[in-house]
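Inside the fold
Listed below are the residues making up each chain.
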Amino acid sequence: MYNKVILVGNLTRDIELKYSQGGMAIASAGLATSRKFTVNGEKKEEVCFVDITFFARSAEVANQYLRKGSKILVEGRLNFDQWVDQNGQKRSKHSVVVETMQMLDSKGSAQTGGDEYAAPQMTQPNQGYQQPSYQQPSYQQQQPQSYQKPSAQQQMPSNSSIPVIDIDEDEIPF
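A brief report on the enclosed structure follows. Predicted, not measured: the structure shown is a model, and the values here were computed from it. (Residues numbered from 1 in each chain as written. Predicted model: local features only at pLDDT ≥ 70, side-chain atom pairs only at ≥ 80, totals over all residues. Heavy atoms only, no water.)

1. Describing the overall build of the chain
Secondary structure summary: the chain contains 1 helix and 7 strands in total. N-terminal to C-terminal, the α/β element order of the chain is β-β-β-β-α-β-β-β. Evaluated residue by residue, the chain yields a buried proportion of 30% over its 174 residues. A sequence separation of at least 24 residues applies to 59% of the contacts in the chain between residues at least 6 apart. Summed over all atoms, the accessible surface of the chain reaches about 12,400 Å², with 45% contributed by carbon and sulfur. (Helix = DSSP H or I, 4+ residues; strand = E, 2+ residues; numbered from the N terminus. Buried < 20%, exposed > 50% of the residue type's maximum accessible area, 1.4 Å probe, protein only. Contact = heavy atoms within 4.5 Å. Areas by Shrake-Rupley, 256 points an atom, 1.4 Å probe, with all protein chains shown as cover.)

Below is the structure:
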């Protein structure tokens, strides 16, 4: 069986962070996604609201950097929640357990007012690393055996400066 969901949208509320008795961070939020379409020449928009849950380090990162209105991409699995409400009625809903998250807002564009939001600077190669300039390594034409692969500092960084956070499924308490 395969259970994978990919959503891009805006948070409908601030992150709510809690900790389990075992000390694991658990964060929840709402995500609004939309699609635009035309019916009989009339433009329409359909909005879907989804509850999302983060665990472990991604919950803490989400709480630190995301606010209501933040645009994010989440990958995760669909989860079916059931409970009995205060009136004794059986209730249920679908939600998404986030496994991977990418923050899509550019620095300073969050609705919190500009410079308060800054995505974390990643120091791992090809994850937000930006070198001031790229210098082509010198190659000797006469002696091909002297070619050496450029070091990590000489290689061009990837275009993605958006942090990606992965969660091991063993860390999720379901």
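2. Describing the pattern of salt bridges
Throughout the structure, instances matching the rule amount to 8 salt bridges. One salt bridge connects Glu 16 with Arg 13, and the closest N-O pair in it is separated by 3.4 Å. Judged by its relative accessible area of 29%, Arg 13 is partly exposed. A salt bridge links Arg 35 to Glu 46; its shortest N-O distance comes to 3.1 Å. Taken together, the residues Arg 35 in strand E3 (residues 25-39) and Glu 46 in strand E4 (residues 42-55) connect sequence positions 11 residues apart. Salt bridges linked by common partners bring Lys 4, Glu 75, Arg 77 and Glu 99 together as one network. (Salt bridge = Lys/Arg side-chain N within 4 Å of Asp/Glu carboxyl O.)

3. Regarding the packing of aromatic side chains
The final tally for this structure, using the stated rule, is 0 aromatic pairs. Here the basic side chain of Arg 35 rests over the ring of Phe 37, its NZ or CZ set 4.3 Å away from the ring centre. (Phe/Tyr/Trp six-rings, centres within 6.5 Å; stacked < 30°, edge-to-face > 60°. Lys NZ or Arg CZ within 6 Å of the ring centre and 35° of its normal.)

4. Examining the nonpolar core
In terms of nonpolar packing, the biggest core is built from 22 residues, with Leu 11, Ile 15, Ile 52, Phe 54, Leu 66, Ile 72 and Met 101 touching the most fellow members. Residue assignment for this core shows that the elements contributing at least two residues are strand E1 (5-11), E3, E4, helix H1 (56-65), strand E5 (71-84) and strand E6 (90-103). (Core = buried A, V, L, I, M, F, W, Y, C linked by side-chain atoms within 4.5 Å.)

5. Quick look at the pairing of E3
Pairing geometry for E1 and E3, over 2 bridges, is antiparallel. In the strand pairing of E3, Leu 11 is matched with Leu 31. Alignment of strand E2 (residues 16-19) against E3, held across 4 bridges, turns out to be antiparallel. The partner of Leu 17 across the bridge, within E3, is Ala 27. Hairpin connection from E2 to E3: 5 residues lie between these consecutive antiparallel strands, with Gly 23 at a positive phi of about 95°. Judged from the 14 bridges that link them, E3 and E4 form a sheet pairing that is antiparallel. Bridged to Leu 31 within E4 is Val 50. Between the antiparallel neighbours E3 and E4 lie 2 residues, among them Asn 40 with a positive phi of about 50°. (Pairing = 2+ DSSP bridges.)

6. What to know about the side chain of Ser 70
Positionally, Ser 70 belongs in the loop between H1 and E5. Residue contacts for Ser 70: discarding those within four places in its chain leaves Gly 9, Asn 10, Leu 11 and Asp 105.

7. Examining the environment of Ser 58
Here Ser 58 shows up in helix H1. For the pair Ser 58 and Val 98, spaced 40 residues apart in sequence, the C-alpha separation works out to 8.7 Å.

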